[in-house]
Amino acid sequence: PSQIMDYYISWAAAELPYAESSKHYTETLKLLPGDTLHQYYEPRVVVIDHERHSATDRMPFGKLVSEGGRQSLLPNVPSSGNWYLCMQKPFKLHPEFSYFVAEILRADPF
């Protein structure tokens, strides 16, 4: 609310044209350039013996799937069927998101 904040800073590529998007805020809207990504990023990849590995557990990314195809080397991940991944942080997911995921899985023939 404009009573406690003077400005709302957003990324131009995520907003409508300024004249329209500024109507959605009570604060003065300030936009970061839309042609670059403005996000804190902490690298989580290390290179060991010319291969990319996870900086967290040093597991090589090339070993997540066997060389012979889609054979998962991770416990509890089946090799058959389709794999789905949502890269969003869980706290950002709307409560109805689970319903959408359930519908996608229900419609999946595998």
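As a convention, each chain's residues are numbered from 1 in the sequence order in which they are written. This being a predicted model, a pLDDT of at least 70 is required before a residue's local features are given, and a value of 80 or more before pairs of side-chain atoms are given or counted; all residues contribute to the totals for chains, interfaces and linings. Hydrogen atoms and water are omitted, and side-chain values are computed over all heavy atoms in the structure.

A look at the overall build of the protein chain
Helix and strand counts for the protein chain stand at two helices and four strands. When its helices and strands are written in sequence order, the protein chain yields β-α-β-β-β-α. Residue exposure (1.4 Å probe, protein chains only): buried if accessible area is under 20% of the type maximum, exposed if over 50%, otherwise partly exposed. Counting across all 110 residues of the protein chain, residues that qualify as buried make up 10%. Here the accessible surface of atoms and residues is derived via Shrake-Rupley with a 1.4 Å probe, and residues count as covered only by protein chains that are part of the display. Summed over its atoms, the accessible surface of the protein chain is roughly 9,700 Å², and 58% of this surface lies on carbon and sulfur atoms. Elements are defined by DSSP. Helices are runs of H or I of four residues or more, strands are runs of E of two residues or more, and each kind is numbered from the N terminus.

A look at the side chain of S54
Relative to the helices and strands, S54 is located in strand β4 (residues 51-54). Under the relative-accessibility criterion, S54 is labelled buried at 12%. Within the structure, the side chain of S54 is placed 3.2 Å from the side chain of D57, a separation counted as a polar contact. Whether two residues are in contact is decided by their heavy atoms, any of which lying within 4.5 Å being enough. Contacts of S54, omitting those with residues within four sequence positions, involve R44, V46, M59 and F61. As used in this structure description, the phrase polar contact means that two N or O atoms lie within 3.5 Å; if the pair is within protein, one of them must be able to donate a hydrogen and the other to accept it, and residues adjacent in sequence are counted only when both atoms belong to side chains.

Notes on the side chain of S10
Its place among the elements puts S10 in strand β1 (residues 7-11). Taking relative accessible area as the criterion, S10 reaches 11% and is therefore assigned buried. Within the structure, S10 has its side chain in polar contact with the side chain of E15 (distance 2.6 Å). With residues near it in sequence (within four places) discarded, S10 still touches E15, Y25, L29, K30, L31 and L32.

Some words on the pairing of β4
Following DSSP output, two strands are said to pair if at least two bridges run between them. Of the strand pairs in this sheet, strand β3 (residues 45-48) and β4 are connected by four bridges, and their pairing is antiparallel. Among the inter-strand pairings, V47 is bridged to a residue of β4, identified as R52. Linkage of β3 to β4, two consecutive antiparallel strands, is achieved through a turn of two residues, within which D49 is found at a positive phi near 50°.

Details of the pattern of salt bridges
Just to be clear on terms, a salt bridge is a Lys or Arg side-chain nitrogen sitting within 4 Å of an Asp or Glu carboxyl oxygen. Applying the stated criterion across every chain, the model contains one salt bridge. Between E103 and R106 there is a salt bridge whose closest N-O contact spans 2.2 Å. Here the residue E103 and the residue R106 both occupy positions in helix α2 (residues 97-107), the gap between them amounting to three residues, near one helical turn. For E103, a relative accessible area of 32% corresponds to the partly exposed category.

Here's the deal with unusual backbone geometry
Of note in the backbone geometry, H50 takes a positive phi value of approximately 65° without being a glycine. Turning to its location among the elements, H50 is positioned in the loop between β3 and β4. For H50, a relative accessible area of 81% gives the class exposed. One non-glycine residue, R58, lies in positive phi territory at about 65°. Along the polypeptide, R58 turns up in the loop between β4 and α2. For R58, a relative accessible area of 46% translates into the label partly exposed.

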